[in-house]
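A closer look at the structure
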Amino acid sequence: MARVAAGADLIVFDGECVLCSGFFRFMLRHDRAGRFSFATAQSPLGQRLYRELGLPADDFETNLVIVNGRPYQRLDAFAAAMRALPRPWRVLSVCRFLPWRLKDALYFSVARNRYRLFGRHDVCIIPGPEVRARFASGGYAG
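Keep in mind the model is a prediction, meaning the values are calculated, not measured.

Cut-offs used in this document
Residues numbered from 1 in each chain as written. Predicted model: local features only at pLDDT ≥ 70, side-chain atom pairs only at ≥ 80, totals over all residues. Heavy atoms only, no water. Helix = DSSP H or I, 4+ residues; strand = E, 2+ residues; numbered from the N terminus. Buried < 20%, exposed > 50% of the residue type's maximum accessible area, 1.4 Å probe, protein only. Contact = heavy atoms within 4.5 Å. Pairing = 2+ DSSP bridges. Axes fitted to C-alpha atoms, helices over the stretch in contact; angles between N-to-C directions. Core = buried A, V, L, I, M, F, W, Y, C linked by side-chain atoms within 4.5 Å. Expected span 1.5 Å × (residues − 1). Salt bridge = Lys/Arg side-chain N within 4 Å of Asp/Glu carboxyl O.

Scanning the protein chain from terminus to terminus reveals seven helices and four strands. When the helices and strands of the protein chain are listed from N to C terminus, the series reads α-β-α-β-α-β-β-α-α-α-α. Counting the 142 residues in the protein chain, one finds 46% classified as buried. A separation of at least 24 residues holds for 66% of the contacts in the protein chain among residues at least 6 apart in sequence.

Below, the structure is given as structure tokens:
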């Protein structure tokens, strides 16, 4: 996993989830420095990272954010991504200070219902060439 994260920080997201794809688009828009690369959870790279972290490779209840080689999951992943953005978004990283039981309860209540609440794409998103350049090698299933 360190080999993957050595070149750039990485966000792995469920490419079929409308909410998760929205997070990807948000990060793409606000990460003006181009700090993050992206991968869908359904891609070969995403599948490998989920397996290496002992996560189910067929049910993506957690997104992954890798910063400086360190993997973050759930609400801590969101906080790590927000910490990497410029103001005013950085303030959203305060959620990392919530007690872990509360963080997990909040996160999983949304994650387990995300398709019902926000919808699901029939297939992974299909980015244009300018966006595809931001995907890590092996990070796109398409």
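Now for the sheet that holds strand S3 (residues 64-67). The four strands are arranged S2-S1-S3-S4 in an open sheet whose pairing can be described as mixed. Of all the strands in the sheet, just strand S2 (36-40) and strand S4 (70-73) have a single pairing partner and so form its edges. In this sheet, neighbouring strand axes are inclined to one another by 20° on average, regardless of whether the strands run parallel or antiparallel. Note: strand S1 (residues 9-13) against S2, five bridges, orientation parallel. When the bridges of S2 are listed, Leu-10 appears paired with Ser-37. Where helix H3 (residues 44-52) meets the sheet, it contacts S1, S2 and S3, and its direction lies at approximately 95° from that of S1. Taken strand by strand, helix H4 (residues 74-83) contacts S1, S2, S3 and S4, and its axis lies near 120° from that of S4.

Ile-11, Met-27, Phe-36, Phe-38, Val-65, Ala-81 and Met-82 are the most contacted members of the largest nonpolar core, which totals 21 residues. Ranked by residue count, the leading element in this core is helix H2 (residues 18-30), at five residues. Residues in contact with Ile-11, not counting those within four places in the same chain, are Phe-23, Met-27, Phe-36, Ser-37, Phe-38, Ala-39, Leu-64, Val-65 and Ala-81. The next biggest cluster of nonpolar side chains, apart from the first, holds 12 residues, and it includes Leu-55, Phe-60, Ile-66 and Ala-136.

Glancing now at H2. Compared with the 18 Å implied by 1.5 Å per residue over 13 residues, the 18 Å span of H2 between its first and last C-alpha is a close match. Looking at H2, one finds that the buried residues are Cys-20, Ser-21, Phe-23, Phe-24, Phe-26, Met-27 and His-30.

Before going further, it helps to spend a moment on the pattern of salt bridges. Applying the stated criterion across every chain yields a total of five salt bridges. For the salt bridge of Asp-9 with Arg-35, the shortest nitrogen-to-oxygen distance reads 2.4 Å. A residue pair is termed long-range when its members are at least 10 positions apart, and Asp-9 in strand S1 and Arg-35 in the loop between H2 and S2 qualify at 26 residues. Measuring nitrogen to oxygen at the nearest pair gives 2.8 Å for the salt bridge that ties Arg-48 to Glu-52. In this pair, Arg-48 and Glu-52 are both assigned in helix H3, four residues apart and thus about one turn of the helix distant. Of the residues examined, Glu-52 reaches a relative accessible area of 40% and is grouped as partly exposed.

Just distances and angles here, no functional claims.
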